[in-house]
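Structure at a glance
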Amino acid sequence: MEENMYKEARVLVVDDIEEVLSATKSTLKFEGMNVITYSNPKEALEFLKNNKIDVLLLDFFMPEMNGDKFIEELRRFNNETVIILRTGYSDKVPPMEMLDSLNIQGYIDKLKGDDELVLMTKSAIKTSYLYKKLLEQKNEITIPAADLEQANLMGFDRLELH
C-alpha cells in the first residue's frame, strides 16, 4: 500500500452534534487524514453531489434525516463511497439487512473510543484505495471494441484464457 494513502484520503463526517464533529475531526487529523465535516445532512448530500470522498462516517440518528434515508439518497448517484455508520446508542444497532441492502461497509459505536474509530477509518480508507486500484486495472485490461470485432472477423468467436 502507498504510504501517503491516509493523507490523500478524504473523509467526510456527518453528525448533528458539533462536539462529536469536532472530536472526530481532531482525532482523524492527528492521524494525518483530510477531514470534512457537516452537521446538516442535507448540506452534506449537496456537497457529495459535486465532490468525491473516500470514506463517509455517518451518524445513524439525526433529527433532520436518519442515516438510512441519507444513504438511500446518496446511493442514487454514488455507489462507490465506503460508508461507516455511527451511533451513540449501543442498544440501537442498525439491522444487518439494512447494512447489506444499502451497501454499508461497517458500523461503529461512538462510545467505543478513538482507537476503534481510527482503526475502522483506516480500514475503510484501505478498502476505498483497493477498490479504486481494481477499477484502474479493469480499465487497463478492457479490450477495445474494434479489437474484439477484428477477432470475430478472424474466426475467434470466443477468447479462452489458460
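For the structure, see preceding data.
Nothing here was measured: the structure is a model prediction, and the numbers come from that model. (Residues numbered from 1 in each chain as written. Predicted model: local features only at pLDDT ≥ 70, side-chain atom pairs only at ≥ 80, totals over all residues. Heavy atoms only, no water.)

Attention now goes to helix α2 (residues 18-30). In an α-helix, one turn spans 3.6 residues, which is why side chains three or four residues apart end up on the same side. Its 13 residues give α2 an end-to-end C-alpha distance of 18 Å, which sits within 8% of 18 Å, the value for a rise of 1.5 Å per residue. Within the span of α2, buried status applies to Val-20, Leu-21, Thr-24, Thr-27 and Leu-28. Projected onto a plane normal to the axis of α2, the buried residues spread over an arc of 140° and lie on a single side. Of the exposed residues in α2, the ones pointing more than 90 degrees away from its buried face are Glu-19 and Phe-30. Looking at the residues trailing α2, positive phi occurs at Gly-32, about 90°. (Helix = DSSP H or I, 4+ residues; strand = E, 2+ residues; numbered from the N terminus. Expected span 1.5 Å × (residues − 1). Buried < 20%, exposed > 50% of the residue type's maximum accessible area, 1.4 Å probe, protein only. Arc of directions from axis to C-beta.)

Turning to the environment of Thr-121, a few remarks are in order. Of note, Thr-121 is situated in helix α6 (residues 114-141). Owing to a relative accessible area of 0%, Thr-121 belongs among the buried residues under this scheme. In sequence terms Thr-121 and Leu-56 are 65 residues apart; their C-alpha atoms lie 9.0 Å from each other. Those residues in contact with Thr-121 that sit more than four places away from it in its chain are Val-11, Leu-28, Met-33 and Leu-57. (Contact = heavy atoms within 4.5 Å.)

Note that every value here comes from positions in space, so none of it alone points to a role or purpose.
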